[in-house]
Amino acid sequence: MPDPLIRHTGIAAPLLIDNVDTDQIIPSREMKAVSRTGLAEGLFAGWRYRSPGSREPVPEFVLNRPGFERASVLIAGANFGCGSSREHAVWALAEFGFRVIIAESFNEIFHGNCLRNGVLPVVLKGVSDLRALGWDQATDLTIDLAQQTVERADQPGWQGEFDIDAYPKHLLLEGLDPIGLTLKSADVLDQFEQVDRVARPWVYKDYSAA
Amino acid sequence: MPTYFDALWDMHRIAAADEVYDLIAIDRVLLHERTGGVALKSLAEKGYSVKDPSRVFAIMDHIVSFREGRGRDEARSPGGETFITETRRMANDAGIHLIDTDNPAQGIVHVAAPEQGIALPGLSLVCPDSHTCSLGALGALAWGIGSSEAEHAVATGCLRVKKPKQMLVRVENELPDGVTAKDLALHLIATHGAAGGKRCAVEFAGPAIQVMTVEERLTLCNMAAEFGAFTAIIAPDEAVIAYVRGRPFSPDSKEAFLHWSKLATSESSGHDEIITIDARTVRPQITWGTSPEEALPLGMTVPATAKKAALDYMGLSVGEQIAGLPIDGAFIGSCTNGRLSDLQLAASVIRGRRVAPHVRAVCVPGSWSVRREAEALGLDRIFRDAGFTWGAPGCAMCFYAGGDTFAPGARVVSSTNRNFEGRQGPGVRTHLASPAVVAASAVAGVIADAQSLSVLGRVA
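First, a word on scope: everything that follows refers to the structure included in this document.

1. With respect to the interface of chain B and chain A
Turning to step 1, where the next piece is worked out: The interface is formed by 72 residues belonging to chain B together with 56 residues belonging to chain A.
Turning to step 2, where the next piece is worked out: Summed over both sides, the interface of chain B with chain A buries roughly 5,300 Å², with 56% coming from carbon and sulfur.
Turning to step 3, where the next piece is worked out: On the chain B side of the contact with chain A, B:Tyr48, B:Arg160 and B:Arg199 bury the most area, a combined 12% of that side's loss.
Turning to step 4, where the next piece is worked out: Taken together, the connections running from chain B to chain A amount to seven salt bridges.
Turning to step 5, where the next piece is worked out: Among the salt bridges present, the one from A:Arg116 reaches B:Glu149, with a minimum N-O distance of 2.7 Å.
Turning to step 6, where the next piece is worked out: Where chain B meets chain A, there are 32 residue pairs in polar contact (both at pLDDT 80 or more).

This is the structure we're talking about:
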């Protein structure tokens with residue numbers, strides 16, 4: 001399970017483009033093994049490297065710019081993580097070192113994938129345009145999950161706030177295994193199934209075997 | 001009055017997990033070799049077992065070769081065989097249903113699941129694939145998830161989910177002749193944006209939906225993924241019930257038939273958001289940019305609001321006419337438009353004509369079942385005679401995974417769902433459209449609609 005995330009401080013890298021899809025985050029050609037690991041190198045490969053398959057950096061791409069190479073907070077636009085449900089996108093981001101993504105909005109499946117991999121997705125309250133906050137200079141951001149606040153090293157006194165539901169907050173703070181958590185309710189699951197088997201018997205029968 | 005989505009949610013709600021999350025019973029889990037294999041592997045490594053193998057299905061589709069006469073383990077991407085062989089091994093070890101590359105039922109998961117009676121009205125169903133929303137067309141509570149959630153569903157038979165907000169997309173009147181469900185989907189996304197679905201469960205209803213065939217509904221619901229929705233759903237009617245009965249995994253049960261007939265409710269209300277579309281205003285669509293929201297009716301020009309990055313990638317400029325742009329490739333297939341009616345529509349356009357000499361044209365039926373039915377109707381001859389490659393079922397050229405594709409910079413008209421940068425290959429410029437527009441463009445050698453073909457016509 002991922003390491004618990006309670007308070008994180010790291011450099012913020014701006015990628016302020018709307019509708020960044022998971023094909024851009026990790027191109028399918030970079031998913032080479034039946035594995036959750038070995039993906040960091042392929043992160044943003046289409047933008048980060050000169051040509052497919054090469055590893056020659058594009059100097060202008062944010063993660064290749066001096067000061068941003070070790071960023072661990074990503075600043076993104078609207079609808080971040082749209083497209084394919086591939087969890088590899090979050091695995092690649094996490095393996096690269098990202099622990100927090102601050103975006104104007106997120107895709108539903110990507111958002112859920114972040115929460116299950118120790119990556120905190122943040123939408124700042126009352127901030128509809130992240131560009132206006134200025135991100136050209138590398139700066140440290142501190143994200144406090146317990147307090148649900150964000151602070152910037154280069155702007156003392158500025159504080160952002162964000163909402164998060166109790167369950168994902170708990171998962172991230174504790175680094176919990178959701179399957180183990182759910183199986184603690186095995187009695188409740190079994191009771192439901194017993195009743196449902198009577199109400200909808202066809203759901204539980206394998207008609208292909210008939 | 002509760003919505004149809006509310007009714008399905010309540011039917012599957014085991015308990016409240018906390019103030020905002022529910023435990024939702026999952027009736028079927030679908031897996032594929034690209035993300036499902038890793039889920040089964042990870043589950044086994046953690047020491048969890050599959051709760052009910054008879055309700056879990058693995059279908060090979062994502063990176064299987066689309067070459068006619070492909071081998072059993074043949075992938076379309078270098079090194080991709082491992083995904084096929086590993087998924088096969090883990091599926092067999094777990095005892096789940098496996099629809100392997102050489103199974104006559106094999107196809108793209110969202111094409112095969114309805115055909116095989118795996119997806120049914122009233123079922124809850126998840127798959128680690130964003131286009132699982134397609135199956136809402138049958139009146140199923142179906143949505144796309146990640147691999148970790150798939151592991152959770154396989155191990156526990158349920159998911160911990162926050163109930164989404166709900167949106168009604170009501171489509172009044174009927175689509176004009178020559179305008180398809182794909183055009184309606186692109187029109188909706190272009191009008192309201194790629195995040196316009198606001199992570200809602202989107203219910204499609206209204207007269208234009210009622211007259212749609214099940215295949216058309218599958219196409220429309222499919223692209224809820226590109227609309228930023230949680231999922232899509234259409235309350236089932238007689239057409240759906242007639243469609244699902246008698247299929248291999250479909251129950252032969254009077255109780256089930258009665259249950260389905262009761263699911264079809266009168267119109268519901270209480271949605272959080274409502275969008276109304278007059279179907280008569282929808283025209284054949286084409287995308288010009290790198291997001292599905294960058295779509296326009298054919299005949300329009302690239303808008304002044306176009307972003308520079310999209311224009312640079314697509315090799316276009318503001319004010320440029322999209323119809324008439326020379327193309328290099330054409331692809332018909334995918335979970336969006338790889339069903340029999342899609343192939344029939346495309347074949348009706350190309351019948352007696354030939355693909356322009358400089359265009360590489362490929363048609364890959366969405367499943368073996370579609371392919372067999374198409375061949376029985378002689379459609380394969382029409383495609384082959386026109387100069388199309390006739391492929392073996394799978395996701396094929398909808399997305400690049402390494403391996404064979406169009407050349408960098410190639411302009412391709414495609415019946416698929418995503419025009420993202422590099423989606424069909426590095427530098428490949430994808431224009432999304434209906435199978436009719438793809439077929440017409442393949443023949444014309446330029447982006448064209450079927451109506452203009454009689455002018456541009458290239459007769460065999």
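2. Section: the sheet that holds strand 18 (residues 411-414) of chain B
Residue and element names in this part refer to chain B.
Turning to step 1, where the next piece is worked out: Within the open sheet, the five strands sit side by side as 17-16-15-18-19. Their pairing is parallel. Strand pairing shows two members of the sheet lacking a second neighbour, strand 17 (388-390) and strand 19 (429-432), which therefore form its edges. Neighbour-to-neighbour, the strand axes of this sheet turn through a mean angle of 20°, independent of strand direction.
Turning to step 2, where the next piece is worked out: As paired elements, strand 15 (residues 329-332) and strand 16 (residues 360-363) share four bridges and run parallel to each other. The residue bridging Ala330 from the neighbouring strand is Ala361, located in strand 16.
Turning to step 3, where the next piece is worked out: Against the sheet, helix 15 (residues 379-386) contacts strand 15, strand 16 and strand 17, and its axis sits at roughly 140° relative to strand 17.

3. Some remarks on helix 4 (residues 108-115) of chain A
Residue and element names in this part refer to chain A.
Turning to step 1, where the next piece is worked out: Most of helix 4 sits inside the fold, with six of its eight residues counted as buried.
Turning to step 2, where the next piece is worked out: The complete set of buried residues in helix 4 reads Ile109, Phe110, Gly112, Asn113, Cys114 and Leu115.
Turning to step 3, where the next piece is worked out: The backbone nitrogen of Ile109 lies 2.9 Å from a side-chain oxygen of the residue at the head of helix 4, namely Asn107.

4. Here we look at unusual backbone geometry
Turning to step 1, where the next piece is worked out: A positive phi is found at A:Asn79, a non-glycine position, where the angle reads about 60°.
Turning to step 2, where the next piece is worked out: Locating A:Asn79 in the fold gives a position in the loop between strand 2 (73-76) and helix 3 (88-96).
Turning to step 3, where the next piece is worked out: One non-glycine residue, B:Ala396, lies in positive phi territory at about 55°.

5. Remarks on the pairing of strand 8 (residues 158-162) of chain B
Residue and element names in this part refer to chain B.
Turning to step 1, where the next piece is worked out: Of all five residues that make up strand 8, four are buried, and the element is covered over most of its length.
Turning to step 2, where the next piece is worked out: Here strand 2 (residues 21-25) pairs with strand 8 via five bridges, running antiparallel. Considered in strand 8, the bridge of Ala25 is made with Cys158.

6. Some points on the packing of aromatic side chains
Residues and elements named next belong to chain A.
Turning to step 1, where the next piece is worked out: In total, this model carries 13 aromatic pairs over all chains according to the counting rule given.
Turning to step 2, where the next piece is worked out: Here Phe80 and Phe110 contribute two aromatic rings whose centre-to-centre distance is 5.3 Å and whose plane-to-plane angle is 85°, an arrangement assigned as edge-to-face. Taken together, the residues Phe80 in the loop between strand 2 and helix 3 and Phe110 in helix 4 connect sequence positions 30 residues apart. Both residues of the pair, Phe80 and Phe110, belong to the buried class.

7. What about the pattern of salt bridges?
Two side chains with opposite charge may pair up if their charged atoms get near one another.
All names here are of chain B.
Turning to step 1, where the next piece is worked out: Evaluated as defined, the whole model comprises 42 salt bridges over all chains.
Turning to step 2, where the next piece is worked out: For the salt bridge of Arg67 with Glu74, the shortest nitrogen-to-oxygen distance reads 2.8 Å.
Turning to step 3, where the next piece is worked out: One network of salt bridges, in which partners are shared, links Arg72, Asp73, Arg88, Asp100 and Asp102.

8. Describing helix 7 (residues 186-199) of chain A
Turning to step 1, where the next piece is worked out: Here helix 7 of chain A contains 14 residues, and its C-alpha end-to-end distance of 20 Å stays within 8% of the 20 Å for a straight helix at 1.5 Å per residue.
Turning to step 2, where the next piece is worked out: Listed as buried for helix 7 of chain A are A:Leu189, A:Phe192, A:Glu193 and A:Asp196. Each buried residue of helix 7 of chain A sits inside an arc of 100° when the element is viewed along its axis, so together they form one side. Turned more than 90 degrees away from the buried face of helix 7 of chain A sit A:Asp187, A:Gln191, A:Gln194, A:Val195 and A:Val198, all of them exposed.
Turning to step 3, where the next piece is worked out: If you follow the buried residues of helix 7 of chain A, they end up packed against helix 6 (178-183) of chain A together with helix 1 (4-12), strand 1 (13-16), strand 2, helix 5 (147-156) and strand 8 of chain B.

9. Notes on the side chain of B:Ser250
Turning to step 1, where the next piece is worked out: Within the secondary structure, B:Ser250 sits in the loop between helix 9 (238-244) and helix 10 (254-263).
Turning to step 2, where the next piece is worked out: For B:Ser250, a relative accessible area of 6% gives the class buried.
Turning to step 3, where the next piece is worked out: The residues contacting B:Ser250, other than those within four sequence positions of it, are A:Tyr207, B:Gln116, B:Gly117, B:Leu120, B:Val244, B:Arg245 and B:Trp260.

10. A word on the packing of helix 2 (residues 36-46) of chain B against helix 3 (residues 81-94) of chain B
Residues and elements named next belong to chain B.
Turning to step 1, where the next piece is worked out: Interhelical geometry of helix 2 versus helix 3 gives an angle of 50° and a closest axis separation of 9 Å. With respect to each other, helix 2 and helix 3 are oriented oblique. Every pair of crossing elements has a handedness; the one defined by helix 2 and helix 3 is left-handed. Where helix 2 approaches helix 3, its residues Gly37, Leu40 and Lys41 are matched on the opposing element by Glu86, Thr87, Met90 and Ala91.

11. A few points about the state of the cysteines
Working definition: the covalent bond between the sulfur atoms of two cysteines is a disulfide.
Residues and elements named next belong to chain B.
Turning to step 1, where the next piece is worked out: Following the criterion strictly, the structure yields zero disulfides over all chains and no others.
Turning to step 2, where the next piece is worked out: The closest cysteine sulfur to the non-disulfide-bonded Cys133 is located on Cys221, 7.4 Å from its own sulfur.
Turning to step 3, where the next piece is worked out: With relative accessibility at 2%, the residue Cys133 sits in the buried group.
Turning to step 4, where the next piece is worked out: Free cysteine: Cys363, not disulfide-bonded; nearest cysteine sulfur from Cys398 at 14 Å.

How each quantity is defined
- Residues numbered from 1 in each chain as written.
- Chains lettered and ligands numbered in written order.
- Predicted model: local features only at pLDDT ≥ 70, side-chain atom pairs only at ≥ 80, totals over all residues.
- Heavy atoms only, no water.
- Contact = heavy atoms within 4.5 Å.
- Buried area = accessible area lost by both parts, 1.4 Å probe.
- Salt bridge = Lys/Arg side-chain N within 4 Å of Asp/Glu carboxyl O.
- Polar contact = N/O pair within 3.5 Å; in protein donor to acceptor, adjacent residues only side chain to side chain.
- Pairing = 2+ DSSP bridges.
- Helix = DSSP H or I, 4+ residues; strand = E, 2+ residues; numbered from the N terminus.
- Axes fitted to C-alpha atoms, helices over the stretch in contact; angles between N-to-C directions.
- Buried < 20%, exposed > 50% of the residue type's maximum accessible area, 1.4 Å probe, protein only.
- Phe/Tyr/Trp six-rings, centres within 6.5 Å; stacked < 30°, edge-to-face > 60°.
- Expected span 1.5 Å × (residues − 1).
- Arc of directions from axis to C-beta.
- Parallel < 35°, antiparallel > 145°, perpendicular 65-115°, else oblique.
- Left-handed = near helix turned anticlockwise from the far one by under 90°.
- Disulfide = S-S within 2.5 Å.

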